[in-house]
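Next come the chains, spelled out residue by residue.
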Amino acid sequence: MAASARTACKWTIRGTQQVRRGRVAARAGADRPLWFPGAKAPEYLDGTMAGDRGFDPLRFCGNKNLVKWYQEAELMNGRWSMAAVAGILFTDLLGKGPWWEAGAKEYFLDTKTLLVVEIVVMAVLEAARLEGFKKTGECGVLGSFPFDPLGMKSEEMKVKEVKNGRLAMLAFLGFCSQAAVTGMGPIEGLKAHIADPFHNNIYTSKVGNEFLLAVIVASAWPMYIAGKNAISGGEDEEFRPIPW
C-alpha cells in the first residue's frame, strides 16, 4: 500500500514538473526575442535551438532532416571565423604585414609539405568529428564529445557561442571586403578612419554607392516581410529555397 502511494506520488510530481516545464517553454516561445520587433517566427523555429531568433527567409530549417547539419555547419563556421578574426587582429597589431599575404610567406616547412600535413591532419580530425556527431549529436575532438575540458557547457554559453560566431563571420567578411577595397588591414583601416572619419569610411570608398544601396535594401527588408505576413496571414510555412 505504501509502495503504491509512493509510486503514485512520484508520477504526480513528474507530471506536475512536466506541465510546469511545458508552461515555461510556451511562455519562452511566446516572449522570446526575435530578429526584429513584431516578427512572426516560422512554426518550426520554436526557440529550442541556441541562437534561434526566428530568422529563416530561405526556409532552410524547414527541412527537419537537415536542420541539425545546418546548425552544426553554422557552429563550425562560426568557430573558424572566431579563430580567424583573433589571428588577423593579433598579427595586425604586431605589424606582421598584410594578413592576406600570410600564405605566401616562408615557414619552417615548405608549402607542399605543409599542405600535405594539413590535409592529413584535417582529414583525421574531420572524420572523427563526423562519426562522433552522428553518434552523439554533439561536436567534439577525436574521442571527446562534446569537447568541454573546462566544464563551461550550459544553455547560456551555447547562445553566447552562436552570437559570437555569427559576429565573427560578419567581421571576417568585413576584413576581406576592406582588404579588397582599400588594401588595408583592420587596424590600419581603423587608424585611418580615426585620423579623418569624414573622408575615410565605406561611403567615400569606391564601393560607397553599392554599400548605400545594400543598406537601403536591408532596412526595407523587415518592412517587406511584415507586410507580406500581414497580407498572407503568416500561413506560408512550406519549405522553399526562395521566400517569394
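Residues numbered from 1 in each chain as written. Predicted model: local features only at pLDDT ≥ 70, side-chain atom pairs only at ≥ 80, totals over all residues. Heavy atoms only, no water.

Colleague: Describe empty space enclosed by the protein, listing the residues and the values that go with them.
Modeller: Once rolled over the atoms, a probe with the size of a water molecule shows which space is left empty. This model, assessed by the stated rule, comprises two cavities of 30 Å³ or more. Contributing to the lining of the second largest cavity are E74, L75, G78, R79, M82, E161, V162, G165, R166 and M169. Among the residues forming the lining of the second largest cavity, the class breakdown is four nonpolar, two polar and four charged. (1 Å grid on protein atoms, 1.4 Å probe; cavity = no way out; pocket = protein on both sides within 12 Å on 5 of 7 lines; lining within 4 Å. Points joined across faces, edges and corners; volume = space filled by probe spheres on them. Nonpolar A, V, L, I, M, F, W, Y, C, P; charged D, E, K, R; others polar.)

Colleague: Please set out the nonpolar core residue by residue, giving values where relevant.
Modeller: One finds V85, I88, W99, A168, F175 and A179 forming the largest nonpolar core, which totals six residues. Secondary structure elements with two or more residues in this core: α2 (67–93) and α4 (155–182). Apart from residues lying up to four places away in sequence, A168 is in contact with G78, S81, M82 and V85. (Core = buried A, V, L, I, M, F, W, Y, C linked by side-chain atoms within 4.5 Å. Buried < 20%, exposed > 50% of the residue type's maximum accessible area, 1.4 Å probe, protein only. Helix = DSSP H or I, 4+ residues; strand = E, 2+ residues; numbered from the N terminus. Contact = heavy atoms within 4.5 Å.)

Colleague: Residues and numbers for helix α3 (residues 111–136), please.
Modeller: Between its terminal C-alpha atoms α3 stretches 36 Å, which fits the 38 Å expected from 26 residues at 1.5 Å a residue. All of the buried residues along α3 are R129, G132 and F133. On its buried face, α3 sits against α2. Among the residues of α3, the N-terminal cap falls to D110, whose side-chain oxygen and the backbone nitrogen of K112 are separated by 3.3 Å. Looking one or two residues past α3, G137 carries a phi angle of roughly 75°, positive in sign. (Expected span 1.5 Å × (residues − 1). Polar contact = N/O pair within 3.5 Å; in protein donor to acceptor, adjacent residues only side chain to side chain.)

Colleague: Break down helix α5 (residues 186–195) for me, citing the residues and quoting the values.
Modeller: Along α5, the residues that are buried comprise P186, I187 and G189. Each buried residue of α5 sits inside an arc of 160° when the element is viewed along its axis, so together they form one side. Pointing more than 90 degrees away from the buried face of α5 are the exposed residues K191 and A195. On its buried face, α5 is in contact with α2 and α4. (Arc of directions from axis to C-beta.)

Colleague: Break down the confidence of the model for the protein chain for me, with residues and values.
Modeller: Mean pLDDT over the protein chain: 80, with 82% of residues reaching 70 or higher. Considering each helix and strand of the protein chain separately, the mean pLDDT is smallest for helix α1 (residues 2–31), with a value of 47, and largest for α4, with 93. Of the regions scoring below 50 in pLDDT, residues 1–5 engages in zero contacts with residues more than four places distant in sequence or in other chains. (pLDDT = per-residue confidence, 0-100.)

Colleague: Could you give me a rundown of the layout of surface pockets, with the residues and numbers involved?
Modeller: The space that makes up the largest pocket amounts to roughly 1,000 Å³. Contributing to the lining of the largest pocket are 33 residues, with L75, R79, C139, F147 and E161 lying nearest its centre. Mapped by element, the contributors of at least two residues to the lining of the largest pocket are α2, α3 and α4. Ranked by residue count, the leading element in the lining of the largest pocket is α2, at nine residues. A class-by-class count of the residues in the lining of the largest pocket yields 18 nonpolar, four polar and eleven charged.

Colleague: Quick one: what's the story with the side chain of S81, residue by residue and with numbers?
Modeller: When you line up the elements, S81 lands in helix α2. Those residues in contact with S81 that sit more than four places away from it in its chain are A168 and M169.

Colleague: Outline a nonpolar patch on the surface, supporting the account with residue identities and numerical values.
Modeller: Together, W80, V116, V117, V120, V121, M122, V124, L125, V141, L142 and F147 line one region of the surface with nonpolar side chains, adding up to about 960 Å² of accessible area. The biggest single contributor to the nonpolar patch is α3, with seven residues. Structurally, the position occupied by M122 is in helix α3. Assessed through its relative accessible area of 31%, M122 is described here as partly exposed. (Patch = residues over 30% accessible without salt bridge, like charges linked within 9 Å, V, L, I, M, F, W, Y side chains within 5 Å. Areas by Shrake-Rupley, 256 points an atom, 1.4 Å probe, with all protein chains shown as cover. Salt bridge = Lys/Arg side-chain N within 4 Å of Asp/Glu carboxyl O.)

Colleague: Tell me about the environment of M157, and name the residues and values.
Modeller: Inspection of the secondary structure puts M157 in helix α4. Sequence spacing of M157 and A50 is 107 residues, and the spatial spacing of their C-alpha atoms is 9.1 Å.

Colleague: Explain the packing of α2 against α3 to me, and be specific about the residues and the numbers.
Modeller: Running from N to C, α2 and α3 point in directions that differ by 140°, and their axes come no closer than 13 Å. Read as a crossing pair, α2 and α3 show a hand that is right-handed. Between α2 and α3, the contacting residues are K68, W69, E72, M76 and W80 on the first element and M122, R129, L130, F133 and K134 on the second. Here the contact of α2 with α3 is built from residues that sort into six nonpolar, no polar and four charged. (Axes fitted to C-alpha atoms, helices over the stretch in contact; angles between N-to-C directions. Left-handed = near helix turned anticlockwise from the far one by under 90°.)

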